Every structure is written in C-alpha cells, then in structure tokens.
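So you can see what is in the structure, the chains are spelled out below.
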Amino acid sequence: SPDIPIVEETLYVELTPKQRKQYTELEKNLMTWLGENPLAIEFPTSLHIRLRQVTLGEIDLTVAEDGTEDVTFATNGKSAKVDAMWGVLEDDFQGESALIGVGNSKKFVKLLVARLNEKWPGCAVEWSGDVAQKRRDELKSDWIDGKFKYVVAVIESLAEGADLMQTATRNVLWFNKSLSGILNTQFFGRFRRQGGVGSVRSVVLEAV
C-alpha cells in the first residue's frame, strides 16, 4: 500500500584490500590469481558476474579431481559487506527480524546463513532454489511465528509467491540487487502491503 512509510538508505562500504585487488585485476587484466590458480575471464558477460561476486566477498577457486574449476567464496574469506551487516542488524534495525536479499548468488546466501548462525545460533535460514516449496511454506509460517529472525534469500527465488511475509518483518537488507529491476520491485513489494508493522526500513549495501 502506498501509504506505508518507507525509510530507504544506501550504506557505502569500502572493499577489503583483497577484494579491491581482485576487483581491479579482473577489471584491468581480465585475470586475477586466486592462491596458486589463475582465474581468467573469457567472455565480457563473465566479467560482470565475477565483479559482482567480488563485491560480495573475497573469491577463491576450487579445482576438482577431474580438473573442473569452480569459483567460490573463500570459506574464511573477508567481506566488507558482511562486516557492515552486523551494525545494520543491531543498530539500524534495532535487533529486529529482517529479510536479507542477495541477487543471483546462492553460494553467498549459504555463506551468510553460516556466518549469522555462527554468531547467533539458530537465527537464520536459507531461501533459494535449493529449498523445496513445502519447506518454504514451513519456513514462512515459522518466521511469522518468530521462531527465527533472519531469512537470507536469493532475490530471484523470493520475488514471487511469498505473500504474508510483511507480517514477519519490516526490515530489508540488500547485499546487492538482482540484475532484473522487475524482480527487485516484486521482492521489495512483499513489504509494502497492508499488514506490515509500522514503517518499512530498507538498507542497500553498496561497494565503493
């Protein structure tokens, strides 16, 4: 509903030195070293995907026995946005429940859920293409009942079919946005409906 007040804020964060190095090397040379392994960019579209990935957290390369390479987030890697998240959740959102959105990255959603549950056991759940519909229905109802505080969602997975979530929280933290403006609108639209409590607070983490 348009009469629900919305407080929107963008929080600019400086990348960690390692994130900045990876970002700059990829942008300038289309290549960066991840440990002993070179990551080379072959297609322009891949560059955009990798740069988005690096703004989320330091990346790493895993090489399977058959030689297959997979770009992942370093398990103990740093992330400027994760560092900024704690302050947003505790101060801006005053320790209330929140929806945390990540565009196009299931791997980072899993990492975030792990980091949150490490700090506050049982506080966060994953909402992604890996979560079956029946489980999603259970999660939604448990969240509304206050059984955990944070849903960490792949934006593309939550843009449709998640009605009533506005009764679970009024806080939305974006780690980045989806490449689809329509899906971003649908994702945020969940919380602009009647039934939500008070004003809706939205914070976007933007890498400088």
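Scope of this entry: the structure provided in the associated data block.

Procedures and definitions
- Residues numbered from 1 in each chain as written.
- Predicted model: local features only at pLDDT ≥ 70, side-chain atom pairs only at ≥ 80, totals over all residues.
- Heavy atoms only, no water.
- Phe/Tyr/Trp six-rings, centres within 6.5 Å; stacked < 30°, edge-to-face > 60°.
- Helix = DSSP H or I, 4+ residues; strand = E, 2+ residues; numbered from the N terminus.
- Buried < 20%, exposed > 50% of the residue type's maximum accessible area, 1.4 Å probe, protein only.
- Lys NZ or Arg CZ within 6 Å of the ring centre and 35° of its normal.
- Salt bridge = Lys/Arg side-chain N within 4 Å of Asp/Glu carboxyl O.
- Axes fitted to C-alpha atoms, helices over the stretch in contact; angles between N-to-C directions.
- Parallel < 35°, antiparallel > 145°, perpendicular 65-115°, else oblique.
- Contact = heavy atoms within 4.5 Å.
- Nonpolar A, V, L, I, M, F, W, Y, C, P; charged D, E, K, R; others polar.

Bringing the packing of aromatic side chains into the picture now. The tally for this structure, following the rule as stated, stands at six aromatic pairs. Measuring from centroid to centroid gives 6.0 Å for W174 and F188, while their planes differ by 55°, and the two rings are tilted. A residue pair is termed long-range when its members are at least 10 positions apart, and W174 in strand β9 (residues 171–174) and F188 in helix α7 (residues 181–189) qualify at 14 residues. The class for W174 is buried, based on a relative accessible area of 2%. A residue is classified by how much of its surface remains accessible, and F188, at 6% relative accessible area, is buried. Put simply, the rings of F73, F108 and F175 touch in pairs and so form one group of aromatic residues. The ring of W86 is capped by K119, whose NZ or CZ atom sits 5.0 Å from the centre of that ring. Taking NZ or CZ as reference, K177 lies 4.3 Å from the ring centre of W174, over its face.

A separate point is the pattern of salt bridges. Per the stated rule, a full pass over the model turns up ten salt bridges. In this structure, K107 engages D70 in a salt bridge whose closest nitrogen and oxygen atoms are separated by 2.8 Å. Placement of the pair is K107 in helix α4 (residues 106–119) and D70 in strand β5 (residues 69–73), with a sequence separation of 37 residues. Judged by its relative accessible area of 36%, K107 falls in the partly exposed class. E96 is paired through a salt bridge with R170; the nearest N and O atoms lie 3.1 Å apart. Taken together, the residues E96 in the loop between α3 (80–92) and β6 (98–102) and R170 in the loop between α6 (155–158) and β9 connect sequence positions 74 residues apart. Residue classification places E96 among the partly exposed residues on the basis of a relative accessible area of 27%.

Turning next to the packing of helix α1 (residues 17–29) against helix α2 (residues 44–56). Taken N-terminus to C-terminus, the directions of α1 and α2 make an angle of 170°; their axes are 9 Å apart at the nearest point. Between α1 and α2, the angle is such that the two are roughly antiparallel. Facing α1, whose interface residues are Q19, Q22, Y23, L26 and E27, α2 presents L47, R50, L51, V54, T55 and L56. Its residues assigned to classes, the contact of α1 with α2 shows six nonpolar, three polar and two charged.

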